[in-house]
Amino acid sequence: MTDSNKIYSHIYSSANFPLEDNGRTYHVSTKPGEVANRVVTVGDHYRAFQIAEFFDNVTKEDLDVQDPGPYEIKKPHLFMYMSKRKFLTITGTYQGVPVSVVAICMGLPMMDFFIRETRHVVKGPMAIIRFGSCGTIKDIETGSIAVATGAFMVSRNYNYFINKNEESPYLISDACSGDKELQELLYKNLKKECKNENIKIIKGLNGSADSFYSSQARHDNNFIDCNDQLFDDIRKKHPNCITLEMETFGLFHLAKCSSSTYHKKEEEEKPASKKVKLSNNNEIKAAATTMIFANRVNNTFISTEKVPILQDKMIKSILDSLIQINLGDEKNLQPVEGSVWENMVKNFKN
């Protein structure tokens, strides 16, 4: 059994952004030098291990971990860390370029922990691609692959259920776009990788819900959810919506709100004489792709034998896109001295 006294023995100096005394963040529990600038985020821990099998020199034996965690594994070509809250970080290289995969489980709060805490420990610009599963509210067959052109939020309107003074039981936000360059790279690579397979690649708007059940119009007789009209309301506000899941809006929204990204448009619109170069480039380029598991129109679900085929094609396309995207001053960054991927960065520069 894990020694709980050891796990909870850290001293925190700030309640605003808690860090362990060794510099690890509170939830994801990584520190500078353990997360690369290019990241795949997934919900499923098993999928994270499958992605890591594509890393340079990594074998299945490297990833055969029996410890339920927390744990830390360091090898010359691989770093793994499972936090006490079950965030799994695996860092290695893909075609010589440092890449991380982080498994976060499900939902917007987990996406918020992941983005804010990895952004805190990574210096310079980042590229993040979400890889997950979704449902569709269009006539699209399961087993297709969707690339999100943007995402909006569907939230349960809690006041409606408390006092019935609200007009609608659900709130639907405006759409937020991802990074167009990374999105197009991802779409192009998916089309290329799947060209000889009977796999449809589609682009469209994604809706992210704050729950799997009520805010995605699933029916549960144990609760009052008032969601019979939800799909109609979504289609009315966002006719181009093709998919529903629970994380992409959180990624796109926070990427948009990273301070460098947020002020980038303001700087672009200024005359050259008044432009100011930000001293800390913390821009986040974000994209997302999902396997369509569920068709909510005809109530069908994907057959399990299709999933491994989709995953292999998508993993290669995602990793190719991450190493192809230009992160600007990334090569000028100095690795954290003694970090787990210092040698990886040196090899990348050479």
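The rules behind these values
- Residues numbered from 1 in each chain as written.
- Predicted model: local features only at pLDDT ≥ 70, side-chain atom pairs only at ≥ 80, totals over all residues.
- Heavy atoms only, no water.
- Core = buried A, V, L, I, M, F, W, Y, C linked by side-chain atoms within 4.5 Å.
- Buried < 20%, exposed > 50% of the residue type's maximum accessible area, 1.4 Å probe, protein only.
- Domains from an automatic or database assignment.
- Contact = heavy atoms within 4.5 Å.
- Helix = DSSP H or I, 4+ residues; strand = E, 2+ residues; numbered from the N terminus.
- Salt bridge = Lys/Arg side-chain N within 4 Å of Asp/Glu carboxyl O.

Draft legend 1. Representation of the nonpolar core. Ranked by size, the top nonpolar core spans 47 residues in total, and within it Val40, Ile51, Phe55, Ile90 and Phe131 carry the most contacts. Counting residues domain by domain, this core receives three or more from each of domain 1 (20–125 + 327–349) and domain 2 (132–273 + 282–306). Once residues lying within four places of it in the same chain are set aside, the contact partners of isoleucine 51 are Val40, Val42, Val101, Phe131, Ile315 and Leu319. Met110, Ala148, Leu254 and Ala288 belong to the second-largest nonpolar core, a separate cluster that totals 26 residues.

Draft legend 2. Structural context of the environment of phenylalanine 49. Topologically, phenylalanine 49 is positioned in helix α2 (residues 45–52). For phenylalanine 49, a relative accessible area of 17% translates into the label buried. Considering only alpha carbons, one finds phenylalanine 49 and valine 102, 53 residues apart in sequence, at a separation of 9.8 Å. When near neighbours in sequence (up to four residues on either side) are disregarded, phenylalanine 49 contacts Leu63, Tyr71, Met80, Leu88 and Ile90.

Draft legend 3. Just the pattern of salt bridges, in detail. Under the defined criterion, the tally for this structure stands at 18 salt bridges. Here aspartate 179 ties to lysine 285 by a salt bridge, and the two come within 3.6 Å at their closest N and O atoms. A residue pair is termed long-range when its members are at least 10 positions apart, and aspartate 179 in the loop between β9 (176–177) and α5 (180–193) and lysine 285 in strand β12 (residues 284–295) qualify at 106 residues. Among the residues examined, lysine 285 registers a relative accessible area of 9% and is labelled buried. Ionic pairing is found between glutamate 283 and lysine 285, a salt bridge with its closest N-O pair at 3.8 Å. Side by side, glutamate 283 and lysine 285 carry an identical accessibility label, which is buried. Bridged by salt links that share partners, the residues Arg24, Glu34, Glu72 and Lys74 form one connected network.

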